[in-house]
Amino acid sequence: MSSLQSIAKQLVASPRGILAGDESKKTMNKRLAQVCLSEDEDTRRRYRQLLFTTPGIEEYINGVILYEQTARQSTDDGVSFLDVLSEKGILWGIKIDQSLADDPAFPGEKVTNGLDTLRERLPEFKQLGAVFTKWRAAITIDDEKNLPTDANIERNVDDLAQYAKIVQEAGMVPMVEPEVLIAGKHSLAKSEEVTKKTLFLLFEALKRHEVDVAGLILKTSMVVAGEGCPDAAPESVAEATVRVLRETVPEDIGGVVFLSGGQTPEEATDNLDKISDKGGLPYDVTYSFSRAFHGPVVPVWGDKEENVEPAQAYFLHRLKMGSLAREGNYTKELETEFTQ
Ligand code: 13P
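Residues numbered from 1 in each chain as written. Predicted model: local features only at pLDDT ≥ 70, side-chain atom pairs only at ≥ 80, totals over all residues. Heavy atoms only, no water.

1. Quick word on the layout of surface pockets
Phase 1: There is about 910 Å³ of room inside the largest pocket.
Phase 2: What lines the largest pocket is a set of 30 residues, among which T27, K30, R31, R136 and R291 lie closest to the centre.
Phase 3: Elements represented by at least two residues in the lining of the largest pocket include exactly α2 (25–34), β6 (132–139) and β7 (173–180).
Phase 4: Broken down by element, the residue count for the lining of the largest pocket peaks at 6 residues, all from α2.
Phase 5: Of the residues contributing to the lining of the largest pocket, the split by class is 7 nonpolar, 8 polar and 15 charged. (1 Å grid on protein atoms, 1.4 Å probe; cavity = no way out; pocket = protein on both sides within 12 Å on 5 of 7 lines; lining within 4 Å. Points joined across faces, edges and corners; volume = space filled by probe spheres on them. Helix = DSSP H or I, 4+ residues; strand = E, 2+ residues; numbered from the N terminus. Nonpolar A, V, L, I, M, F, W, Y, C, P; charged D, E, K, R; others polar.)

2. Focus on the packing of α2 against helix α3 (residues 41–52)
Phase 1: Two elements in contact, α2 and α3, have axes whose closest approach is 11 Å; the angle formed by their N-to-C orientations is 85 degrees. On the basis of the axis angle, α2 is roughly perpendicular to α3. On the side of α2, the interface is formed by K25, M28, N29 and L32, while α3 contributes T43, R44, Y47 and R48.
Phase 2: Counted by class, the contact of α2 with α3 contains 3 nonpolar, 2 polar and 3 charged residues. (Axes fitted to C-alpha atoms, helices over the stretch in contact; angles between N-to-C directions. Parallel < 35°, antiparallel > 145°, perpendicular 65-115°, else oblique. Contact = heavy atoms within 4.5 Å.)

3. Remarks on the sheet that holds strand β8 (residues 217–220)
Phase 1: Pairing is parallel in the open sheet, where 8 strands are placed in the order β1-β2-β3-β6-β7-β8-β9-β10. Edge positions in the sheet fall to β1 (17–21) and β10 (285–287), since each of these pairs with one other strand and no more. The sheet shows a mean angle of 25 degrees between the axes of neighbouring strands, taken without regard to direction.
Phase 2: As defined by bridge partners, β1 adjoins strand β2 (residues 61–66) across 5 bridges and the pair is classed as parallel. From the neighbouring strand, L19 faces β2, where its bridge partner is V64.
Phase 3: Docked against the sheet, helix α8 (residues 188–208) engages β6, β7 and β8, running at close to 150 degrees with respect to β7. (Pairing = 2+ DSSP bridges.)

4. Quick notes on the site of the ligand
Phase 1: Near the ligand lie 13 residues; those nearest to it are K134, K219, S260, G261 and R291.
Phase 2: K219 places a side-chain nitrogen or oxygen 2.7 Å from an oxygen atom of the ligand.
Phase 3: In this structure, an oxygen atom belonging to the ligand sits 2.6 Å away from a main-chain N or O atom of G261.
Phase 4: Contact with the protein chains covers 92% of the free accessible surface of the ligand, which is 300 Å².
Phase 5: The site holding the ligand turns out to be the largest pocket. (Near = heavy atom within 4 Å. Polar contact = N/O pair within 3.5 Å; in protein donor to acceptor, adjacent residues only side chain to side chain. Areas by Shrake-Rupley, 256 points an atom, 1.4 Å probe, with all protein chains shown as cover. Sits in = over half its atoms within 2 Å of the grid points.)

5. Things to note about empty space enclosed by the protein
Phase 1: One pass over the full model with this rule turns up 1 cavity of 30 Å³ or more.
Phase 2: Roughly 70 Å³ of volume is contained in the largest cavity.

6. Some points on helix α6 (residues 118–128)
Each α-helix turn comprises 3.6 residues. Residues three or four places apart therefore point the same way.
Phase 1: Three or more residues of α6 are buried, namely L118, R121, L122 and F125. Taken down its axis, α6 places every buried residue within 110 degrees of arc, on the same side. Facing away from the buried side of α6 by more than 90 degrees, the exposed set consists of R119, E120 and Q127.
Phase 2: Contact partners of the buried residues in α6: α4 (68–71), β3 (91–95), β6 and α7 (150–169).
Phase 3: Immediately beyond the C-terminal end of α6, within one or two residues, lies G129, with a positive phi of roughly 115 degrees. (Buried < 20%, exposed > 50% of the residue type's maximum accessible area, 1.4 Å probe, protein only. Arc of directions from axis to C-beta.)

7. Describing helix α1 (residues 3–12)
Phase 1: Of the residues making up α1, those classed as buried are L4, Q5, I7, A8, L11 and V12. Along the long axis of α1, the arc covered by the buried residues comes to 165 degrees, so they all point the same way.

8. Brief notes about unusual backbone geometry
Phase 1: Omega for the bond connecting S14 with P15 falls within 30 degrees of zero, at 0 degrees, which places this linkage in the cis form.
Phase 2: Its location among the elements puts P15 in the loop between α1 and β1.

9. Topic: the side chain of Q5
Phase 1: By the secondary structure assignment, Q5 is in helix α1.
Phase 2: Side-chain polar atoms of Q5 contact the side chain of D212, separated by 3.0 Å.
Phase 3: Apart from the residues lying within four places of it in its own chain, the contact partners of Q5 are D212, A214 and G215.

10. Structural notes on the pattern of salt bridges
Phase 1: Counted by the stated rule, this structure contains 30 salt bridges.
Phase 2: As a salt-bridge pair, D303 and R46 come within 2.4 Å of each other at their nearest N and O atoms. Of this pair, D303 sits in the loop between α12 (297–301) and α13 (308–326) while R46 sits in helix α3; the two residues are 257 residues apart in sequence, bridging distant segments of the chain.
Phase 3: Among the residues examined, R46 registers a relative accessible area of 22% and is labelled partly exposed.
Phase 4: Between K95 and D97 there is a salt bridge, and its shortest N-O distance comes to 3.0 Å. The two residues K95 and D97 agree in class, both being buried.
Phase 5: It is possible to trace a salt-bridge network through shared partners that takes in D42, R45, R46, D76 and D303. (Salt bridge = Lys/Arg side-chain N within 4 Å of Asp/Glu carboxyl O.)

Here's what the structure looks like:
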């Protein structure tokens, strides 16, 4: 097994998964502003400090995705975040894309910036100890406007494949994230159709660019209905999601992880549990949540020293629920065991 393949396997190993802590400056500021907290670098640093210093996170996470600025920051005591994570035996990777932009060719759709400068930005993070990187593309569904277009999906998957090839050449595991966005009023069936097409074209592009899929992690959305529609039963989400994975993902892939994509923590956890229950996929399937793990931690913390402990307790609870779900052992009743 190559070293990239073995790192990919470590990142998805049971009963753990990956924490997404790579919110861009803009996204993190938005979450802070929602609860009237200051949108500055030190508030973002203290928030990440709260997450990474939570005692016991290593029981539930193999790896963390970081935003560039976070990889260069330290705790109040001057210990670099990278050292905090490595002391806990947690691997780290970096969000290396430079966020979404409007697709100049197709109004209403998105492309991802950063491919032109990718090669030159990788060595800094490799030297600091990153073992993987992440690239996010977003696919928009809009039935009225007939989106997504084939051309936009093809452009995005080709960029993902070029990115993956360059990252493997630089000696790191690429995490490819083609997120089918939850925004809109589309049905679960539409989400399944678009996710299937996107993943099918993605793996064709990866093959065309000669990417070793055993040394790669797919970060995908679950197949859920648009946020403007009634929630589908977790069993239906799980059936559609597992069907799409079976139909599109090569069996020798390094691993598959899910984003939470705007689902509530309980929904994302329950859906993951039902996906795990179905079982039978020939590779590890686990979480790489941001919002479903720590979106609600921000208001509990509220940037108050006396709230650090309860906020960390809630964060740890969410990770524990995720780990149980990853094993198919989550029930909603377990949520009531946690009280602030
Ligand atoms: P969510 O779990 O909030 O969707 O975030 C995952 C992620 O990494 C988005 O790029």
